[in-house]
Amino acid sequence: ESAIPHSGMAASVDLTLDDPIHVSTEGQKRLGHRLANLATHDLFPSVKEYAGMKRGPRPESAKFSDGAIRVTFADVNGRLQADGRIGGFSLHARTGEWLPLIYKAKFDPASPDAVLLSVHGKPPENAVLWYGFGKNPYCNLRDTADMAAPVFGPMTIQ
């Protein structure tokens, strides 16, 4: 996104599919609204409803402390939210093996732009964080403007 001038990206990983590769009609409508939000903000900055619009959650950092990995996002509109439990995060070794250490994900009550991933023990030094790993992942993280978090990884855990 930042490497290509005059471009934008609206994530769609949280939208439902009609078959293995096609986003459903309902999902297409939501994606169209997300793209319209970005286009209106960029092309018509004088429209006051879009002046404060941000691009949507973008992963910024993952830091381990006190039994949890705190994942911080930039460009969040309002606060992060999800329908039901937060889904989509996984830990892996640098070589790709899944590390089944995350047992709970919740929103950081002290920050509207962060998720806390409770882990069993300290992640190994080579552990990396993914969001949306694998085929047909269940991802549901978005902000209050319905802009979804994009798939990312591997992200080094500090």
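Structure: above.
Residues numbered from 1 in each chain as written. Predicted model: local features only at pLDDT ≥ 70, side-chain atom pairs only at ≥ 80, totals over all residues. Heavy atoms only, no water.

Asks: How would you sum up the overall build of the chain? Please name residues and give values.
Replies: Across its full length, the chain carries two helices and 10 strands. Ordered by position from the N terminus, the helices and strands of the chain form the series α-α-β-β-β-β-β-β-β-β-β-β. Relative to the compact-globule value of 15 Å for 158 residues, the chain shows a C-alpha radius of gyration of 16 Å, a close match. Considering only C-alpha atoms, the chain reaches an extent of 50 × 35 × 30 Å along its principal axes. Buried positions account for 41% of the 158 residues belonging to the chain. Sequence-distant contacts in the chain: of pairs separated by 6 or more residues, those separated by 24 or more amount to 61%. Looking at charge distribution, the chain has the averaged site of its 17 positive side-chain charges lying 3 Å from that of its 17 negative ones. (Helix = DSSP H or I, 4+ residues; strand = E, 2+ residues; numbered from the N terminus. Rg over C-alpha atoms; globule rule 2.2 N^0.38 Å. Buried < 20%, exposed > 50% of the residue type's maximum accessible area, 1.4 Å probe, protein only. Contact = heavy atoms within 4.5 Å. Lys, Arg positive; Asp, Glu negative; His and termini not counted. Charge placed at Lys NZ, Arg CZ, Asp CG, Glu CD.)

Asks: Before we move on, could you go through the side chain of N77 and cite the residues and values that matter?
Replies: As for its position among the elements, N77 is in the loop between β2 (68-74) and β3 (80-81). Only 2.8 Å separates the side chain of N77 from the backbone nitrogen of K54, close enough to count as a polar contact. Ignoring any residue separated from it by four or fewer positions in sequence, one finds N77 in contact with G52, M53, K54, G56, D143, T144, A145 and M147. (Polar contact = N/O pair within 3.5 Å; in protein donor to acceptor, adjacent residues only side chain to side chain.)

Asks: Pulling in residues and values, what's your account of the layout of surface pockets?
Replies: Estimated volume of the largest pocket: approximately 290 Å³. In terms of lining, the largest pocket is formed by 15 residues, of which the most central are V13, D14, L15, T16 and C139. Residue composition of the lining of the largest pocket, by class: seven nonpolar, four polar and four charged. Estimated volume of the second largest pocket: approximately 240 Å³. Every residue lining the second largest pocket is counted, 16 residues in all, and those nearest its centre are R85, I86, I102, Y103 and K104. Looking at the lining of the second largest pocket, the elements that each hand over two or more residues are β4 (89-92), β5 (98-99) and β6 (102-107). Ranked by the residues each element gives to the lining of the second largest pocket, the list is headed by β6, at four residues. The residue makeup of the lining of the second largest pocket, split by class, is 11 nonpolar, three polar and two charged. (1 Å grid on protein atoms, 1.4 Å probe; cavity = no way out; pocket = protein on both sides within 12 Å on 5 of 7 lines; lining within 4 Å. Points joined across faces, edges and corners; volume = space filled by probe spheres on them. Nonpolar A, V, L, I, M, F, W, Y, C, P; charged D, E, K, R; others polar.)

Asks: Any chance you could break down the sheet that holds strand β10 (residues 152-156) for me, citing the residues and the numbers?
Replies: One open sheet holds the four strands; their spatial order is β5-β4-β8-β10, and the pairing between them is antiparallel. At either margin of the open sheet sits one strand with a lone partner, and together these are β5 and β10. Bridge count between β4 and strand β8 (residues 128-131): four bridges; the pairing is antiparallel. Along β8, the bridge assignment pairs F89 with Y131. (Pairing = 2+ DSSP bridges.)

Asks: Can you explain the sheet that holds strand β1 (residues 58-65)? Please cite residues and give values.
Replies: If you trace the four strands from one edge of the open sheet to the other, you get β1-β2-β7-β6, paired in antiparallel fashion. Edge strands, defined here as strands with exactly one partner in the open sheet, are β1 and β6. Looking at each pair of strands side by side, their axes are set apart by 20° on average, direction ignored. Where β1 and β2 come together, seven bridges link them in antiparallel fashion. The residue bridging R58 from the neighbouring strand is A74, located in β2. (Axes fitted to C-alpha atoms, helices over the stretch in contact; angles between N-to-C directions.)

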